[in-house]
Amino acid sequence: MSNYRYHGGGGGGGGVGVGYYGIEVRDMHQRISYPHHFTFVSSCVKYMIFILNFMFWLFGGLLLGIGVYAFKDKWEEANGWVKLENIYDVVLNISLVMIITGIVIFVVSFAGCLGALRENTCLLKFYSMCLLIFFLMEMAIAIICFVFPQNMNSFLEDQFTDKIIHSYRDDPDLQNFIDFAQQEFKCCGLSNAGYQDWSKNEYFNCSSPSVEKCGVPYSCCMNATDISSGLVNIMCGYGVQEHSVAAASKLIWTSGCIEIVRVWAERNLYTIAGIALGIALVQLLVIYLAKTLEGQIELQKSRWAA
């Protein structure tokens with residue numbers, strides 16, 4: 001219908017609704033009409049969020065499955081007894097850490113998948129809030145590590161050295177992880193005491209009745225593997241605690257792993273910073289996409305309600 005109507009006579013009497021030259025303005029706010037199939041929700045944004053979260057959902061499920069399998073294996077080996085008395089027992093239990101991490105990734109990515117696919121703003125808000133919390137936690141840890149590296153060193157040495165050394169033989173997963181770290185970073189022990197840290201372990205202590213007394217794990221040895229046979233000499237570290245640092249340094253790595261890792265991180269600072277920045281930008285991008293999709297869904301709902 002036309003917004004204007006022409007009056008045959010001249011404008012007389014100045015009646016309400018009569019404009020210039022006898023034209024009456026009926027409605028100046030014409031409603032914008034959209035095609036029936038029009039939607040504010042972008043399919044590109046929607047399915048990009050879905051695909052990204054579907055991949056993380058699969059990864060979370062895989063991590064959870066591996067963690068459950070490893071924990072079950074450990075549970076059976078320990079005859080149904082796994083030590084979980086404090087937070088350190090949880091943090092140092094690698095299979096349990098994998099289970100917790102897998103559950104978090106699985107739940108959050110599932111919320112992102114379902115929220116995007118079903119256009120559910122509640123799930124999308126939960127998803128973007130979780131991502132924001134993760135992002136802030138990562139930034140806080142990164143700032144502490146880069147700004148206060150010595151304080152972080154001291155904290156790790158004070159809080160974890162004794163507990164990790166004591167638990168070396170008790171947890172096969174932790175033992176394998178420590179052996180891998182010592183071989184990869186060419187270190188022995190954790191703190192500044194270096195290889196002498198192993199005197200705190202009941203098997204390697206010099207007062208122990210074990211054949212390993214005054215020794216260190218084979219992963220501390222410079223040449224633990226025989227080149228010709230390919231066999232690992234697990235006795236290569238026996239008795240080295242009785243040697244001086246100079247004498248021991250000819251057989252094993254003598255520096256603690258925490259300091260070695262810190263030096264390695266400083267040497268590769270730009271690479272680590274670049275990777276961290278890339279991860280942060282990806283997280284911010286996904287948060288932005290999620291909030292954009294939320295806004296589009298709200299616009300679509302307001303259109304339906306009008």
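What counts, and where the lines are drawn
Residues numbered from 1 in each chain as written. Predicted model: local features only at pLDDT ≥ 70, side-chain atom pairs only at ≥ 80, totals over all residues. Heavy atoms only, no water. Helix = DSSP H or I, 4+ residues; strand = E, 2+ residues; numbered from the N terminus. Buried < 20%, exposed > 50% of the residue type's maximum accessible area, 1.4 Å probe, protein only. Areas by Shrake-Rupley, 256 points an atom, 1.4 Å probe, with all protein chains shown as cover. Polar contact = N/O pair within 3.5 Å; in protein donor to acceptor, adjacent residues only side chain to side chain. Contact = heavy atoms within 4.5 Å. Disulfide = S-S within 2.5 Å. Salt bridge = Lys/Arg side-chain N within 4 Å of Asp/Glu carboxyl O. Phe/Tyr/Trp six-rings, centres within 6.5 Å; stacked < 30°, edge-to-face > 60°. Patch = residues over 30% accessible without salt bridge, like charges linked within 9 Å, V, L, I, M, F, W, Y side chains within 5 Å. Expected span 1.5 Å × (residues − 1). pLDDT = per-residue confidence, 0-100.

Counting its regular elements, the protein chain contains nine helices and two strands. The helix and strand sequence of the protein chain, counted from the amino end, reads β-β-α-α-α-α-α-α-α-α-α. Counting all 306 residues of the protein chain, 31% fall into the buried class. Per element, the accessible surface of the protein chain, about 19,600 Å² overall, is 66% carbon and sulfur.

To continue, consider the side chain of N93. Secondary-structure assignment places N93 in the loop between α2 (87-91) and α3 (94-117). Residue class for N93 comes out buried when judged on its relative accessible area of 4%. A polar atom in the side chain of N93 sits 2.8 Å from the side chain of S95. Residues in contact with N93, not counting those within four places in the same chain, are F71, K74, V82, L84 and D171.

Following the criterion strictly, the structure yields four disulfides and no others. In this model C206 forms its disulfide with C214; the gap between the sulfur atoms is 1.9 Å. Disulfide C206-C214: torsion about the S-S bond near 135 degrees, hence right-handed. Judged by relative accessible area, C214 falls into the buried class, the value being 4%. Bridging C221 to C236, the disulfide has an S-S length of 2.1 Å. Across the S-S bond of C221 and C236 the torsion is about 105 degrees, and the bridge reads as right-handed. Highlighted residues: C221 in the loop between α6 (172-185) and α7 (245-248) and C236 in the loop between α6 and α7, separated in sequence by 15 residues. For the pair C221 and C236, one class covers both residues: buried.

With the rule as written, the count across this model stands at nine salt bridges. For D173, the salt bridge identified is with K74, shortest N-O distance 3.5 Å. Of the two residues, D173 sits in helix α6 while K74 sits in helix α1 (residues 43-77), which places them 99 residues apart along the sequence. Assessed through its relative accessible area of 26%, D173 is described here as partly exposed. When its relative accessible area of 9% is taken as the criterion, K74 is described as buried. A salt bridge links K200 to D162; the shortest N-O distance between them is 3.0 Å. In this pair, K200 sits in the loop between α6 and α7 while D162 sits in helix α5 (residues 149-166), placing the two residues 38 residues apart along the sequence. By relative accessible area, which is 38% here, K200 ends up partly exposed. In this structure D162 comes out as partly exposed when scored by relative accessible area, which is 34%. Each of K74, D171 and D173 takes part in salt bridges that share partners, so that together they form one network.

With that settled, consider the packing of aromatic side chains. The description of an aromatic ring pair rests on the distance of the ring centres and on the angle between the ring planes. Overall, the coordinates contain 10 aromatic pairs when judged by the stated rule. Residues F71 and W75 carry aromatic rings whose centres are separated by 6.2 Å and whose planes lie at 40 degrees to one another, so their mutual orientation is tilted. One end of the pair, F71, and the other, W75, are both in helix α1, four residues apart, so they sit about a helical turn from each other. Between F185 and W264, the ring centres sit 5.8 Å apart and the planes meet at 80 degrees, which makes this aromatic pair edge-to-face. Taken together, the positions of F185 in helix α6 and W264 in helix α8 (residues 257-267) put the pair 79 residues apart, joining distant regions of the chain. Assessed through its relative accessible area of 27%, F185 is described here as partly exposed.

A surface patch of nonpolar side chains, about 540 Å² in accessible area, is lined by I143, I144, F146, V147, F148 and L269. Element by element, the count of residues in the nonpolar patch is highest for helix α4 (residues 121-147), at four residues. Note on placement: I144 falls in helix α4.

Attention now goes to α4. When the terminal C-alpha atoms of α4 are compared, their 38 Å separation across 27 residues agrees well with the 39 Å that a helix rising 1.5 Å per residue should span. Along α4, the residues classified as buried are T121, L124, Y127, S128, C130, L131 and F135. Its side-chain oxygen 3.0 Å from the backbone nitrogen of C122, N120 forms the N-cap of α4.

Looking at the protein chain as a whole, the pLDDT averages 83, with 86% of positions reaching at least 70. Note on residues 1-30: pLDDT under 50 across the span, and 26 contacts to partners over four residues away in sequence or across chains.

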